[in-house]
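Chain and residue survey
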Amino acid sequence: MSSQEEEAAVQEDGDTQLMYKIERPVYDEAFIRSQLLHRKENSSTFRQKLAQRFRCSAKAAVLSFLPILTWLPAYPVKQYLFQDVVSGLSTGVVQLPQGLAYAMLAAMPPVYGLYSSFYPVLLYTFFGTSRHISVGTFAVISLMIGGVVVREAPDSMFYMPANGSNMSAILDVEARDARRVQVAVVLTTLVGIIQIVFGLLRFGFVAIYLSEPLVRGFTTAAAVHVVVSQLKYLLGVKTQRFSGPLAAIYSVKAVLSDITSTNVTTLILGLVCIVFLYIIKDLNERFKKKLPIPIPGEIIVVIVSTGVSYGLSLSDDYKVDVVGKIPTGLLPPAVPEFSLLPNLVTDSFAVAIVGFSMGISLAKTFALKHNYSVDGNQELIAFGLCNFISSFFQTFTITCSMSRSLVQESTGGKTQTALAAIIMVNLLGMFKQFRDMPTLWRTSKIELAIWLVAFTASVLLGLDYGLLVAITFAILTVIYRTQSPKNAILGYVPGTGLYCDVDEYEEAAECEGIKIFHSNSSIYFANSDLYVNALKEKTGVNPEHLEVARKAWIKQKQKANGNQKLLMIRVDDKKQGVTHEVLSYNHTAEEQSDRWPADRHSKSDSEETVCLKPLCPVHSIILDWTPASFIDSVGAKAIKQVIKEYAAVDVRVVIAGCSSSGDTAPDRRSGDPPAERR
């Protein structure tokens, strides 16, 4: 090709390319503020704003406080009851031995683990908003409680002098356990009060500051503490229980220093239980689609080990420690020993926040998977009521159980070795969280730093101080990366090419059918939910409400036309960027004046086609990302989700001013609606 032909081709390409040109004076800030733009006067009084904020009906308040009233009347018994019963039974047999085992972590008699797994489940049914989580005992919370009760009621407080002069002091186990139960119950009461108060003050958003890397690093460190605490039971050695900073190191040192006195029978029994449970869990994972219910490995281990212990007299002949008899029945309600409160305030805040963050994290995961929403503030109230009310029945603090378990009460003798094996195997999933580090290294080194700080501080300083250090560090990263965002809808100032806040300036006018959303903040784990909520609120376009309105209209249309099925055809108007829906059905009813606005075209006497107008006046939303310097994995997931939601109601989302570096584009994976960049 000659040079002249190349120039002609370039010229032709230039002629077909869209060009953007603007001519306007060069403005300075002083001129814009004094001559070009004038702020709107806000006529609303403080009293009017306050009344608008707190206006709600009594019915809405009752339904919000008791979510069971919203779903129970519409519960599809024939469709869900059998599956719910099977799920409850299969997970209940898992919770039974876990309740016994986690009570040991809390330094309490095992039967209190059963109490703690019974009452809260019943209460959460009435007050909780999640459809899939089940509350109960959990290893991390049990370990935190154990550290507190051992500190407040150490063994040294309960040694009694022996009768003989040459005999060593005797530990009063009954008095020690009674005192530890009192401490745990009072701690649970205070945790419940804190969670209820936080929920009433609408502090549910606090959980978002416990980022996923922080929680996963913290729970991994907790798994290390749990395994270390169970080593003495696995080896059958006698060591004291440590708490506070460096407790894990002291515990390992104590076990290793006395390892020569290992009970071989206890070790063999523990290793057999661990191998068996690992195989069962692997089989459940591999064949979960084929098995009607998971194989209850934990309950099998408890039953078999109890039988072996009794049949071979392991306690008497081989000195294997056993839990002993577990009392039957339930304890009557009793008032906690509130005189212990002053020493437990700091610990109760840590346990309350960790317990809630565990529960709301898993609740949001299931809600996103099954396409419904959970209320963080109501979850705080639900967990608070579960802990507060249950504490009067001698329970310790609960949260969401990772195994989504229900509970049943039973009796009998159990070996401590078997329970230690159950605890260790159930923590394998937490140790797999070490795999987070390579991923975080590639995606966000700041999140990796949060993970490492949470893990290291929690292992070395203990879970309470470790959590405090981790949260402090996470907040410092927030301060480092961003400030409180300001959200606005931008409008065009005619003849200037400027876009300004329509709520702040009179001259700014919105483009018809288009909303330009501006937020002067990056999008990450701490504000992704707030960003999405602000987007829906400021634009006035909520895809959930639009989808409900559309379904209600179609249902009304079908009912008005003899319940005949409507055929939906989508027609895209590419010039206007608007999608219409065409519904056709057999016309069997007269037209109603209050129907959804539509353009009608009669094809025949027996058939009618309805071309729906757009679901809302807005057909496009522009996300102004000019101020956004970064977006993490959590923020990207939130943006992808909101793009999907808007696409479902025919609202296109485009991104303007997106930086080409330091961001995670929400449309880089296949299967997601594209987010256009402008």
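Below: a short report on this structure. What you see is a predicted model; the values in this text were computed from it and never measured.

Okay, the overall build of the chain next. Counting secondary structure elements, the chain contains 24 helices and 16 strands. Taking all 678 residues of the chain together, the buried fraction comes to 45%. Long-range pairs, those at least 24 residues apart, make up 75% of the contacts in the chain with a sequence separation of at least 6. Counting only carbon and sulfur atoms, one obtains 59% of the accessible surface of the chain, whose full area is about 36,600 Å².

Looking now at unusual backbone geometry. Phi is positive for leucine 246, close to 60°, though the residue is something other than glycine. Note that leucine 246 resides in the loop between helix H10 (212–235) and helix H11 (247–257). Notably, aspartate 650 is not glycine yet its phi reads approximately 65°, a positive angle. Tracing the sequence through the fold places aspartate 650 in the loop between helix H24 (633–648) and strand S15 (652–656).

What follows deals with helix H13 (residues 297–311). Relative to the 21 Å expected for 15 residues at 1.5 Å per residue, H13 spans 21 Å between its end C-alpha atoms, a close match to the ideal helical length. All of the buried residues along H13 are Gly297, Glu298, Ile299, Val301, Val302, Ser305 and Ser309. Just downstream of H13 lies serine 313, where phi reads positive at about 50°.

The next thing to look at is the packing of aromatic side chains. Throughout the structure, instances matching the rule amount to 13 aromatic pairs. Their ring planes at 75° and their centres at 5.4 Å tell us that phenylalanine 434 and phenylalanine 455 sit as a pair that is edge-to-face. In this pair, phenylalanine 434 sits in the loop between helix H18 (428–431) and helix H19 (436–443) while phenylalanine 455 sits in helix H20 (residues 445–461), placing the two residues 21 residues apart along the sequence. Phenylalanine 455 sits in the buried class, given a relative accessible area of 17%. The rings of Phe118, Tyr119 and Phe393 are connected pair by pair, giving a single aromatic cluster. A cation over a ring is seen here: lysine 445 above tryptophan 441, with NZ or CZ 4.5 Å from the ring centre.

The next point concerns the environment of proline 97. Within the secondary structure layout, proline 97 lies in helix H6 (residues 77–105). Sequence spacing of proline 97 and valine 302 is 205 residues, and the spatial spacing of their C-alpha atoms is 6.9 Å.

Of all five residues in strand S14 (residues 620–624), four are buried, a share of seventy percent or more. Bridge count between strand S9 (residues 514–519) and S14: five bridges; the pairing is parallel. Note on S14: the bridge partner recorded for isoleucine 514 is serine 620. Pairing of S14 with S15, which is carried by five bridges, proceeds in the parallel orientation. Following the sheet pairing, isoleucine 621 is matched in S15 by valine 653. Handedness of the crossover joining S14 and S15 through H24 is recorded here as right-handed.

A word on the nonpolar core. Ranked by size, the top nonpolar core spans 84 residues in total, and within it Ile133, Val140, Met144, Ile145, Leu214, Phe218 and Val354 carry the most contacts. Val502, Ile643, Tyr646 and Val653 belong to the second largest nonpolar core, which has 36 residues in total.

Now for the pairing of S9. By the criterion of burial, S9 is predominantly enclosed, with five of the six residues buried. By the bridge criterion, four bridges tie strand S7 (residues 487–493) to S9 in an arrangement that is antiparallel. By the bridge assignment for S9, alanine 488 is matched with histidine 518.

What follows is about the pattern of salt bridges. Using the criterion set out here, one finds eleven salt bridges in the structure. Here lysine 538 ties to aspartate 503 by a salt bridge, and the two come within 3.3 Å at their closest N and O atoms. Of this pair, lysine 538 sits in helix H22 (residues 528–539) while aspartate 503 sits in the loop between strand S8 (498–501) and S9, placing them 35 residues apart in sequence. Lysine 515 is paired through a salt bridge with glutamate 510; the nearest N and O atoms lie 2.8 Å apart. Exposure remark for lysine 515: the relative accessible area of 15% places this residue in the buried category. Where salt bridges share partners, they join Asp155, Arg176, Asp177 and Arg180 into one cluster.

Look at helix H8 (residues 139–152) against helix H9 (residues 173–200): their axes get within 9 Å of each other, and the N-to-C directions meet at 130°. The angle between H8 and H9 falls in the class oblique. Where H8 crosses over H9, the handedness of that crossing is right-handed. Across the interface between the two elements, Ile145, Val148, Val149, Val150 and Glu152 of H8 pack against Arg180, Val183, Ala184 and Leu187 of H9. Taken together, the residues of the contact of H8 with H9 sort by class into seven nonpolar, no polar and two charged.

Let us now look at a nonpolar patch on the surface. A cluster of nonpolar side chains, namely Leu246, Ile249, Tyr250, Leu460, Leu461, Tyr465 and Val469, defines an oily patch on the protein surface of about 580 Å² accessible area. Of all elements in the fold, only H11, H20 and helix H21 (463–481) reach the threshold of two or more residues within the nonpolar patch. Residue position: tyrosine 465 is located in helix H21.

About the thresholds
Residues numbered from 1 in each chain as written. Predicted model: local features only at pLDDT ≥ 70, side-chain atom pairs only at ≥ 80, totals over all residues. Heavy atoms only, no water. Helix = DSSP H or I, 4+ residues; strand = E, 2+ residues; numbered from the N terminus. Buried < 20%, exposed > 50% of the residue type's maximum accessible area, 1.4 Å probe, protein only. Contact = heavy atoms within 4.5 Å. Areas by Shrake-Rupley, 256 points an atom, 1.4 Å probe, with all protein chains shown as cover. Expected span 1.5 Å × (residues − 1). Phe/Tyr/Trp six-rings, centres within 6.5 Å; stacked < 30°, edge-to-face > 60°. Lys NZ or Arg CZ within 6 Å of the ring centre and 35° of its normal. Pairing = 2+ DSSP bridges. Right-handed = clockwise from strand over helix to strand, strands pointing away. Core = buried A, V, L, I, M, F, W, Y, C linked by side-chain atoms within 4.5 Å. Salt bridge = Lys/Arg side-chain N within 4 Å of Asp/Glu carboxyl O. Axes fitted to C-alpha atoms, helices over the stretch in contact; angles between N-to-C directions. Parallel < 35°, antiparallel > 145°, perpendicular 65-115°, else oblique. Left-handed = near helix turned anticlockwise from the far one by under 90°. Nonpolar A, V, L, I, M, F, W, Y, C, P; charged D, E, K, R; others polar. Patch = residues over 30% accessible without salt bridge, like charges linked within 9 Å, V, L, I, M, F, W, Y side chains within 5 Å.

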